[in-house]
Amino acid sequence: MKDFIRGLKSGIPIGLGYLSVSFSFGILAVSLGFEWWQAVIISMTTLTSAGQLAAVNIMAASGGYVAMLVSQLTVNVRYSFMSVSLSQKVTPEFKGIKRWLFGFFITDEIFAVASAQNSVNTRFFGGLSVMPYIGWALGTLSGSLLGNILPESVMNALCIAIYGMFIAIIAPVAKASKPLLLSVAISAALSCAFYYIPLLSGISSGIAISVCAIAAAVVCALFFPVKEEEGGNE
Amino acid sequence: MNKEFFIYLAILAVSTYLIRAIPFAAVRKKITNRFLRSFLYYIPYTVLSAMTFPAAFYATGSIASAALGLLAAVVLAVKGKGLTVVAVAASIAVFISDLVLKMI
């Protein structure tokens with residue numbers, strides 16, 4: 001119970017952050033022609049920022065089921081790496097059905113907070129998942145209902161929130177580790193190349209993101225391998 | 001739209017779930033390979049970086065306001081502010097700079 005409460009508390013800032021981010025997702029979904037309940041169902045069954053962003057764009061453009069699958073696999077492949085990373089942190093009782101159940105809640109931020117722990121048991125991880133999940137659903141609901149009421153200037157401003165959160169996750173780690181700073185700089189530079197260079201810009205953004213991220217991580221893993229105590233695994 | 005919506009939703013939700021759950025359930029041993037461990041250390045951050053740049057510059061009313069919002073985010077994040085503070089501050093910075101830019 002103590003671990004559950006500790007997890008619950010650790011999840012509060014994530015839940016608040018998700019409120020504003022999923023609020024902008026709700027606004028965006030409705031502006032693309034979705035009903036409010038569709039946006040809420042998407043958030044409650046999927047629980048991911050970038051994947052949902054890609055998904056509503058594909059659905060709105062009737063992009064096809066294959067495009068949906070490919071975009072999700074490429075945008076979300078990072079979760080596989082996080083899952084493997086987290087599998088190295090959990091206590092021995094965290095196994096079997098519990099992993100199948102709690103695997104649903106592995107998001108960038110929940111992963112980041114869990115990784116900062118010495119070890120993660122089921123109760124802590126369960127508690128940690130509660131507030132982000134509620135925040136994500138509630139934010140989507142209010143965004144999709146209030147989106148039409150808010151002026152465009154407010155909606156534009158809220159659209160930056162998700163990227164602000166990404167920066168808040170990267171910055172503290174990049175500040176502490178030069179190789180990590182280098183890896184995110186390489187990744188950003190490659191991503192810009194895919195965006196601006198005419199031949200490359202035809203490639204779908206989901207695939208481009210995965211290519212950039214994997215290339216940057218491979219380069220830095222080769223030239224700056226982590227020490228034993230690093231890697232978010234010990 | 002409705003039937004199509006639920007097929008899209010099923011693909012979205014199931015693929016996102018499995019991509020998280022399968023590796024989490026399948027990897028039961030400690031990974032000792034140093035390259036793999038290093039790769040796992042870098043990958044979450046390189047993904048976030050590639051998603052942010054350059055897409056974030058086109059998320060608001062203008063590139064200038066987005067850039068100012070991102071600048072606010074970077075400054076506060078480097079100072080160690082939490083997720084919520086950084087996200088809200090970036091939004092406020094965008095809101096104000098869009099207002100000012102319109103007046104100019």
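Above this text you will find the structure in question.
The notes below deal with the structure included here.

Attention now moves to the overall build of chain B. Within chain B one finds four helices and zero strands. Reading the secondary structure of chain B in the N-to-C direction produces α-α-α-α. Taken over the C-alpha trace, chain B has a radius of gyration of 20 Å; the compact-globule value for 104 residues is 13 Å, which it surpasses by more than 25%. Considered along the principal axes of its C-alpha atoms, chain B spans approximately 60 × 45 × 20 Å. Among the 104 residues that make up chain B, the fraction classed as buried is 48%.

What follows deals with the overall build of chain A. Secondary structure summary: chain A contains eleven helices and zero strands in total. For chain A, the α and β elements follow one another from N to C terminus as α-α-α-α-α-α-α-α-α-α-α. Taking 234 residues into account, the globule formula puts the C-alpha radius of gyration at 17 Å, and chain A, at 18 Å, falls close to it. Principal axes of the C-alpha set define a box for chain A whose edges measure 50 × 50 × 35 Å. Counting over 234 residues, chain A shows a buried share of 54%. Of the accessible surface of chain A, which amounts to about 9,700 Å², a share of 73% is contributed by carbon and sulfur atoms. Averaging the locations of the 12 positively and 10 negatively charged side chains of chain A gives two centres separated by 8 Å.

We now examine the interface of chain B and chain A. Much of the literature gives interface size as the accessible area that the parts lose upon coming together. Taken together, the 68 residues of chain B in the interface contact 103 residues of chain A. Of all residues in chain B, the largest losses of buried area upon contact with chain A belong to Y8, R20 and F24 of chain B, amounting jointly to 12% of the total for that side. Linking chain B to chain A there are zero salt bridges. At the boundary of chain B with chain A, the tally comes to 26 residue pairs in polar contact (both at pLDDT 80 or more). At the level of elements, α1 (2–26), α2 (34–52), α3 (63–78) and α4 (83–103) of chain B are the ones that each hand at least two residues to the side of chain B that touches chain A. Per-class residue counts for the side of chain B that touches chain A are 48 nonpolar, twelve polar and eight charged.

Right, let's talk about unusual backbone geometry for a bit. What you tend to see is this: most non-glycine residues have negative phi, and most peptide bonds are trans. A cis amide bond, omega 0°, links F53 of chain B with the succeeding residue P54 of chain B. With respect to the element layout, P54 of chain B can be found in the loop between α2 and α3. A positive phi angle is found at L47 of chain A, which is not glycine, with a value near 55°. In this fold, L47 of chain A is placed in the loop between α2 (36–46) and α3 (49–60).

By convention here, two paired aromatic rings are described through the distance between centres and the angle between planes. Tallied over the entire structure, the rule returns 21 aromatic pairs over all chains. Ring geometry for F104 of chain A and Y133 of chain A: centres 6.3 Å apart, planes at 65°, overall edge-to-face. Residue F104 of chain A is located in the loop between α5 (97–102) and α6 (108–115), and its partner Y133 of chain A is located in helix α7 (residues 122–146); the two are separated by 29 residues in the primary sequence. Ring centres of F104 of chain A and Y17 of chain B lie 6.5 Å apart, and the angle between their planes is 40°; this geometry places the pair in the tilted category. One end of the pair, F104 of chain A, is in the loop between α5 and α6; the other, Y17 of chain B, is in helix α1, on a second chain. Residue classification places F104 of chain A among the buried residues on the basis of a relative accessible area of 15%.

Residues and elements named next belong to chain A. Within the largest apolar cluster, 71 residues are counted, with the highest numbers of intra-cluster contacts made by L86 and F125. Excluding residues within four positions of it along the chain, F125 makes contact with L86, F94, F102, F105, I106, I110, A114 and V120. Counting residues in each nonpolar core, the second largest holds 14 residues, with F25, I42, A55 and V56 among its members.

Now for the pattern of salt bridges. Residue and element names in this part refer to chain A. Under the definition given, this model contains three salt bridges over all chains. Linking R6 and D3 is a salt bridge whose minimum nitrogen-to-oxygen distance equals 3.5 Å. In this pair, R6 and D3 both sit in helix α1 (residues 2–31), three residues apart, roughly one turn of the helix. Its salt-bridge partner being E93, residue K98 comes within 3.2 Å of it at the nearest N-O pair. Residue class for K98 comes out partly exposed when judged on its relative accessible area of 31%. A relative accessible area of 29% places E93 in the partly exposed class.

About the criteria used
Residues numbered from 1 in each chain as written. Chains lettered and ligands numbered in written order. Predicted model: local features only at pLDDT ≥ 70, side-chain atom pairs only at ≥ 80, totals over all residues. Heavy atoms only, no water. Helix = DSSP H or I, 4+ residues; strand = E, 2+ residues; numbered from the N terminus. Rg over C-alpha atoms; globule rule 2.2 N^0.38 Å. Buried < 20%, exposed > 50% of the residue type's maximum accessible area, 1.4 Å probe, protein only. Areas by Shrake-Rupley, 256 points an atom, 1.4 Å probe, with all protein chains shown as cover. Lys, Arg positive; Asp, Glu negative; His and termini not counted. Charge placed at Lys NZ, Arg CZ, Asp CG, Glu CD. Contact = heavy atoms within 4.5 Å. Buried area = accessible area lost by both parts, 1.4 Å probe. Salt bridge = Lys/Arg side-chain N within 4 Å of Asp/Glu carboxyl O. Polar contact = N/O pair within 3.5 Å; in protein donor to acceptor, adjacent residues only side chain to side chain. Nonpolar A, V, L, I, M, F, W, Y, C, P; charged D, E, K, R; others polar. Phe/Tyr/Trp six-rings, centres within 6.5 Å; stacked < 30°, edge-to-face > 60°. Core = buried A, V, L, I, M, F, W, Y, C linked by side-chain atoms within 4.5 Å.

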